[in-house]
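# Commentary on secondary and tertiary structure
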2 protein chains.
Amino acid sequence: MPGESPDTAAPKTSPELRADARRNRERILAVARVVVEEQGTEASLRDIARRAQVGLGTLYRHFPTREALLEALLRQNFDRLAARAQALGESEAPYEALVAFLGDLIGGAGAYRGLAASMMATISDEESPLHASCAAMRSAAGHLLERAQAAGRIRADVDGTDVFALVNALSWITDQAPSLASRRDHLFALVMSGLAPPS
Amino acid sequence: MPGESPDTAAPKTSPELRADARRNRERILAVARVVVEEQGTEASLRDIARRAQVGLGTLYRHFPTREALLEALLRQNFDRLAARAQALGESEAPYEALVAFLGDLIGGAGAYRGLAASMMATISDEESPLHASCAAMRSAAGHLLERAQAAGRIRADVDGTDVFALVNALSWITDQAPSLASRRDHLFALVMSGLAPPS
DNA sequence: ACCTGAACACCGTTCAAGT
DNA sequence: ACCTGAACACCGTTCAAGT
C-alpha cells in the first residue's frame, strides 16, 4: 500500500529529529556537561556553542533558555531522585527515609555550582522548565515528610517547601564558601534536629 | 613660619579629597544606594555612573571594585550592627542576646538582593573589602554564641562561622524565592531550636 | 527542517588624553 | 589630582540568509 513504510508504527517517543539535528543536540549536551561543571550554571552559552563546534543559533534552537539546557542536563538526576523517593516512600523507617532522601537532594544540588540557586528560583518562576522537576522534588519531600510527621519524628508546622528550601540553602553555603564543605553534614544534622518535635 | 597654615593640626580623618572629588564620591554613593536597591548587589556599575552623571572611570577611581562600593554602602549598617553586638554582649540574657543579634543580621543581609551571597563569598575571598567587616560580624556572633553556650543554651559543637552561614542562608532563601518571605521568621526559629543542646 | 553567524544592545575594566 | 569616554574583550538574544 502506498505511503506505508515498514516502521510506521515505531515508538515515536520524540518528534523525529533529523539526523544532523540529533547529533548536534547530543554534542551540545555533552559539552554543556563539561562547561557547566567548570563554570557553574551561569556558564557562557557562547562558550558551550563554540566548544561544541555549533552555531550559536543552533544551541538556542535546541534549548531556547538556559533553564531548558539545565533541565536536559539534569533529567537523569531528577529521574533517579524521583525513583529514590518512590522506593523510600515504602520504607519502614519514615524518619530515616526522609533523612536519606534529603541527603541525596543535597548531593544532587551540589553537582554544579549555582544549581541550588537555580532550583530555588523555580519556586517563584512557574515558566521555568525546571519548575516541574523541582515541584516534583518538593512534593516527594512532602510525602516523605508527612510520613515522618505521622511517626512523630518531625514537627507538624513544617511543609515540603520548608525542607526543600533549607536543604537547598545548605547546598548554597558550600557553593559560596567552599571552605565550609567539611561542615555540610554537620550543619545538615543540626537543621534536621531543629525539625524534631519539641520535647 | 613658612608652610604653617592655621589648621595644619586639624583632624585628617581621610586624606583630604579635592572638593569636586568629594562631591562626586557622594553622588556616586547616593545613586548606588538607589540602584542597588533596585537591581541588587550585581547592579550595573555603568548604570550607576550614568545616573550619577559621572564618567565611568571616576566611579572606578573612587571604588576600584564592586565590593569596595558595597562596603562603603554598608559601612553604616556594619557599624550599627557592631555597636548592637557590643551592647548585647553585656546583656544578662545570653541566649536572647544571641537571637536578637542574629535577627538583626538577617534583617541586614536582607537589605539588598544578593547581599547574603556577597557576604558569604567574603569568607573565601580574603582580599575583598567586605572581608574585614564580615569577619567582625562573625566574631561578634562568635562572642555572643560563646556566652549562650556557657549558659547551656547552645550546643558546644557550633562555631561563629556556622551560625553566620546558617543565618545568611536564611536570608538567601528569601532572596531566591520572595514568596517564602513569610516563612523566614519561622525557619529562623526552627534553625535556632536545632542549635539547642540535645536533651 | 535545520544551521549559521552577523547584528544589536548590553556588560566590566583599562587607560591615554584632557583640565 | 582628578575627570572623561573611547577602546577592548566579553556577554545574551534575535533573525535574515543560506542549505
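The rules we used
Residue numbering note: each chain is counted from 1, following its sequence as written. Labels are handed out in written order, letters beginning with A for the chains and numbers beginning with 1 for the ligands. Predicted model: local features are reported for residues with pLDDT of at least 70 only, side-chain atom pairs are reported and counted for 80 or more only, and whole-chain, interface and lining totals are derived from all residues. As a convention, hydrogens and water are excluded, and side-chain values are obtained from all of the structure's heavy atoms. Pairing of aromatic rings covers Phe, Tyr and Trp, the last through its six-membered ring, and needs centres within 6.5 Å; plane angles under 30 degrees mean stacked, over 60 mean edge-to-face, and all others mean tilted. A run of DSSP states H or I qualifies as a helix once it reaches four residues; a run of E qualifies as a strand once it reaches two. Both are numbered from the N-terminal end. Partly exposed residues are those whose accessible area sits between 20% and 50% of the maximum for their type, while under 20% is buried and over 50% is exposed, using a 1.4 Å probe and protein chains only. To sit over a ring, a charge needs its Lys NZ or Arg CZ within 6 Å of the ring centre and within 35 degrees of the ring normal. Each reported salt bridge corresponds to a side-chain nitrogen of Lys or Arg within 4 Å of a carboxyl oxygen of Asp or Glu. In plain words, nonpolar cores are sets of buried Ala, Val, Leu, Ile, Met, Phe, Trp, Tyr and Cys residues tied together by side-chain atoms within 4.5 Å. Residues are treated as being in contact if the distance between any of their heavy atoms lies within 4.5 Å. Here the copies are superposed with least squares, the fitted atoms being C-alpha atoms of residues at a pLDDT of at least 70 in both. A cutoff of 4 Å decides nearness: a residue is near a molecule or strand if any of its heavy atoms lies inside that distance of it. Throughout this description, a polar contact denotes any pair of N or O atoms lying within 3.5 Å of each other; where both atoms belong to protein, one of them has to be capable of donating a hydrogen while the other can accept it, and for residues adjacent in sequence the pair is counted only when both atoms sit in side chains. When residues are sorted by character, Ala, Val, Leu, Ile, Met, Phe, Trp, Tyr, Cys and Pro go into the nonpolar class, Asp, Glu, Lys and Arg into the charged class, and all the rest, Gly among them, into the polar class. UniProt positions are given in the numbering used here, feature names are shortened, and annotations may be inferred rather than shown by experiment. In this document the domain limits rely on a domain assignment from an automatic tool or a database. By buried area we mean how much accessible surface two parts lose on assembly, using a 1.4 Å probe and totalling the loss over both.

## Quick word on the packing of aromatic side chains
Tallied over the entire structure, the rule returns 1 aromatic pair over all chains. Here the aromatic rings of Trp172(A) and Trp172(B) are separated by 5.2 Å at their centres, their planes lie at 15°, and the arrangement is stacked. Separated into two different chains, Trp172(A) in helix α8 (residues 160-176) and Trp172(B) in helix α8 (residues 160-176) make up a pair that spans both. Look at Trp172(A) and you get buried, because its relative accessible area is 2%. Seen from the ring of Tyr95(A), Arg153(A) lies directly overhead, with NZ or CZ sitting 4.2 Å from the centre.

## What about the pattern of salt bridges?
Should their charged atoms come close, side chains of opposite charge can pair. This structure, assessed with the given rule, holds 24 salt bridges over all chains. A salt bridge links Arg51(A) to Glu38(A), with the nearest nitrogen and oxygen atoms 2.7 Å apart. Placement of the pair is Arg51(A) in helix α2 (residues 45-51) and Glu38(A) in helix α1 (residues 19-39), with a sequence separation of 13 residues. Owing to a relative accessible area of 37%, Arg51(A) belongs among the partly exposed residues under this scheme. Judged by relative accessible area, which is 44%, Glu38(A) ranks as partly exposed. Notably, a salt bridge pairs Arg18(B) with Asp20(B), separated by 3.0 Å at the nearest N-O pair.

## Points about the nonpolar core
Counting residues in each nonpolar core, the largest one holds 130 residues, and the members touching the most others are Phe101(A), Ile173(A), Phe101(B) and Ile173(B). Not counting chain neighbours up to four residues away, the residues in contact with Ile173(B) comprise Met120(A), Ala165(A), Leu166(A), Ala169(A), Leu180(B) and Leu187(B).

## Quick look at the relation of the copies chain A and chain B
For the match of chain A to chain B, the screw axis carries a shift of 0.0 Å, the RMSD comes to 0.0 Å, and the turn is 180°. The relationship between the two copies is best expressed as a two-fold rotation axis. Across chain A, the rotation axis passes nearest the C-alpha of Gly194(A), at a separation of 1.7 Å. Taken as a fraction of all interface residues of chain A, those also at the interface in chain B reach 100%, which identifies the copy contact as same-surface.

## Remarks on the protein's contact with DNA strand D
The local shell around DNA strand D holds 22 residues, among which Arg46(A), Tyr60(A), Arg18(B), Asn24(B) and Gly55(B) are the closest. Among all atoms of DNA strand D positioned within 4 Å of the protein, those belonging to sugar or phosphate total 60%. Between DNA strand D and Arg46(B) there is a distance of 3.4 Å, counted from a base nitrogen to a side-chain nitrogen or oxygen. Note that a phosphate oxygen of DNA strand D is positioned 3.3 Å from one of the side-chain N or O atoms of His62(B). Among the secondary structure elements, those contributing two or more residues to the surface near DNA strand D are α2 and α3 (56-62) of chain A together with α1 (19-39) and α3 (56-62) of chain B. In terms of residue class, the surface near DNA strand D is built from 8 nonpolar, 7 polar and 7 charged.

## A word on unusual backbone geometry
Even without being a glycine, Gln53(A) presents a positive backbone phi close to 55°. Among the structural elements, Gln53(A) can be located in the loop between α2 and α3.

## A closer look at the protein's contact with DNA strand C
Surveying the vicinity of DNA strand C reveals 22 residues, the closest of which are Asn24(A), Gly55(A), Thr58(A), Arg46(B) and Tyr60(B). Protein-adjacent atoms of DNA strand C, using a 4 Å cutoff, are sugar or phosphate at a proportion of 60%. A distance of 2.9 Å separates a base nitrogen of DNA strand C from a polar side-chain atom of Arg18(A). Contacts to DNA strand C include Tyr60(B), whose side-chain N or O atom sits 2.7 Å from a phosphate oxygen. If you list the elements that add at least two residues to the surface near DNA strand C, you get α1 and α3 of chain A together with α2 (45-51) and α3 of chain B.

## Some details on the UniProt feature "DNA-binding region" (unreviewed entry) in chain A
The sites that carry the UniProt feature "DNA-binding region" (unreviewed entry) are, in the present numbering, residues 44-63 of chain A. As annotated, residues 44-63 of chain A comprises 70% helix and 0% strand, and the C-alpha atoms at either end are separated by 14 Å.

## Thoughts on the environment of Ala156(A)
Residues and elements named next belong to chain A. Topologically, Ala156 is positioned in the loop between α7 (129-150) and α8. Note on Ala156: relative accessible area 73%, which makes it exposed. Counting along the chain gives 40 residues from Ala156 to Ala196, while the straight-line C-alpha distance between them is 9.3 Å.

## Remarks on the domain arrangement of chain A
Residues and elements named next belong to chain A. On domain assignment, one finds that chain A holds domain 1 (13-64) and domain 2 (66-195). Put simply, the middle of domain 1 and the middle of domain 2, counted by C-alpha atoms, are 27 Å apart. Between domain 1 and domain 2, the contact holds 18 residues from the first and 11 residues from the second. When domain 1 packs against domain 2, close to 1,300 Å² is buried across both sides, 62% of that on carbon and sulfur atoms. When residues of domain 1 are sorted by the area they lose upon contact with domain 2, Arg33, Thr41 and Phe63 head the list and together hold 43% of the total. Taken together, domain 1 and domain 2 are joined by 0 salt bridges.

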